[in-house]
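Given next are the chains, with one letter for each unit.
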Amino acid sequence: MFYLSRIEHTLRVPPDILRLPLAEAIKVELEKLFLDKVVSNLGLCISVYDIRSIEGGFIFPSEGAATYTVVFTVIMFRPFVGEIIGAKLKESDANGLRLSLGFFDDIYVPVNLLPQPSRPEPDPRKRGRVTWIWDYNGEDFIIDWQDEIRFQVRSVNYPPVPIEQLNESKPFAPMVITGSLDFDGSGPISWWTDAEQVE
Amino acid sequence: MKILEANAGPLTNFEVIKFLKSRGASKDPSRVLADVSPSEYKVYDYLVETAACNQSQENINEFLEKSKKYDLAKAELLNIINIRPSTPVELYSMIEQCDDRLGDTVEELVEVVVEVLPSPPTETANEEGTSEANQETVTKENIEEQKIDEGDEKMAK
């Protein structure tokens, strides 16, 4: 789920934070630049792990700040295909489920990857929302908000930044995980603890 | 920006939570004073709800040692440590071609997992009462966990 990645970056350190020791000042700048951001094909940056080397400190003509080249390590959130992750339900509509990890919300489970056969039932309280129910040998299992939901990562995509965005489209997500719930052991964890008891 | 090494090594959930704790992340209200950004706290808040919250380096080393004979891939071990499957059905999905490779030893491996890796606090108190079915499944194991939890709380006080 988490990886270390080594990155080299040339950055401008504004003079007002140079009152800090250099390594700390650079860390502040790096956190500003990278934290909670998605780097394409690398994942979501969680934390600056360490700084390996600092070079430079050159002040370019007509610029009031020093420029450093820094090699550093960051903790990246990048699930691998096939990984099992526990998440919470965020949205449930006719297109499938949207799951959330708290720090990452763009996990989608399309209808064809839900447990088969599943059927939607409209949510009486919210318009446009549905509750998905897995019909297992005539028994109903409901996917609801209470439990942690285990899903398997099917793919991780980094869609290109759109040049023009339509008004009604959903906000752009730089990293999208497609998950599946169509295997034994997936879905809300209570499904399976109960199953064990029956056996 | 230049990516020198995209994968300089995977981390388990435990290692990430340990790193955040070392920076001062915690559950108590003084957390606002720590040098931890809001986005890092979101990660921390997710991880304290997972099995990683009370694992230790010794647990994980012991588990790696004991699971050597099953010949699992690194990614599979990582997944098992992060999720801590306590039933065979949970484990099946984490291991490729589980039936062929492990056969009857699945149960054995589950026992190793349950024995070596500490169990997470039982679905925490906030989920209490949400599901009757959950409450019925309170086994001996869960009761033990609750005792441990209480012990921890006392320690904290």
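Fair warning: this is a prediction, and the values are worked out from it, not measured in the lab.

Enquirer: Honestly, empty space enclosed by the protein in this entry has me stumped. Any pointers?
Expert: Unoccupied space between atoms shows up once a probe the size of one water molecule is rolled over them. Counted according to the given criterion, the structure contains one cavity of 30 Å³ or more. In this structure, the largest cavity encloses a volume near 50 Å³. In terms of lining, the largest cavity is formed by Asp-36, Leu-44, Cys-45, Ile-46 and Phe-103 of chain A together with Ser-39, Lys-42 and Val-43 of chain B. Elements with a contribution of two residues or more to the lining of the largest cavity: β3 (43-59) of chain A together with α2 (38-47) of chain B. In terms of residue class, the lining of the largest cavity is made up of five nonpolar, one polar and two charged.

Enquirer: It is not clear to me how the UniProt feature "domain: RNA polymerase Rpb7-like N-terminal" (unreviewed entry) in chain A should be interpreted in this structure. Could you clarify?
Expert: Feature annotation in UniProt assigns "domain: RNA polymerase Rpb7-like N-terminal" (unreviewed entry) to the following positions: residues 8-64 of chain A. Annotated as 23% helix and 44% strand, the span residues 8-64 of chain A places its first and last C-alpha atoms 23 Å apart.

Enquirer: Please clarify how the UniProt feature "domain: RNA polymerase Rpb4/RPC9 core" (unreviewed entry) in chain B should be interpreted in this entry.
Expert: UniProt's feature table lists "domain: RNA polymerase Rpb4/RPC9 core" (unreviewed entry) at residues 1-120 of chain B, given in the numbering used throughout. Summarising residues 1-120 of chain B: 52% helix, 5% strand, and an end-to-end C-alpha distance of 39 Å.

Enquirer: Any chance you could explain the environment of Lys-27 of chain B here in plain terms?
Expert: Position of Lys-27 of chain B relative to the elements: it lies in the loop between α1 (13-22) and α2. The contact partners of Lys-27 of chain B, leaving out residues within four places of it in the chain, are Tyr-44, Asp-45 and Val-48 of chain B.

Enquirer: Explanation requested: the packing of aromatic side chains in the structure shown.
Expert: The tally for this structure, following the rule as stated, stands at 10 aromatic pairs over all chains. Considering the side-chain rings of Phe-103 of chain A and Tyr-46 of chain B, the 5.6 Å spacing of their centres and the 65° angle between planes classify their relative orientation as edge-to-face. Remark: Tyr-46 of chain B occurs in helix α2 and Phe-103 of chain A occurs in the loop between β6 (96-100) and β7 (107-110); the pair is interchain, linking two chains. In this pair, the class of Phe-103 of chain A matches that of Tyr-46 of chain B, namely buried. Members of the aromatic cluster, joined through ring pairs, are Phe-2, Phe-77, Phe-103 and Phe-104 of chain A together with Tyr-46 of chain B. Taking NZ or CZ as reference, Arg-78 of chain A lies 4.5 Å from the ring centre of Tyr-3 of chain A, over its face.

Analysis parameters
- Residues numbered from 1 in each chain as written.
- Chains lettered and ligands numbered in written order.
- Predicted model: local features only at pLDDT ≥ 70, side-chain atom pairs only at ≥ 80, totals over all residues.
- Heavy atoms only, no water.
- 1 Å grid on protein atoms, 1.4 Å probe; cavity = no way out; pocket = protein on both sides within 12 Å on 5 of 7 lines; lining within 4 Å.
- Points joined across faces, edges and corners; volume = space filled by probe spheres on them.
- Helix = DSSP H or I, 4+ residues; strand = E, 2+ residues; numbered from the N terminus.
- Nonpolar A, V, L, I, M, F, W, Y, C, P; charged D, E, K, R; others polar.
- UniProt positions renumbered as here; feature names shortened; annotations may be inferred.
- Contact = heavy atoms within 4.5 Å.
- Phe/Tyr/Trp six-rings, centres within 6.5 Å; stacked < 30°, edge-to-face > 60°.
- Buried < 20%, exposed > 50% of the residue type's maximum accessible area, 1.4 Å probe, protein only.
- Lys NZ or Arg CZ within 6 Å of the ring centre and 35° of its normal.

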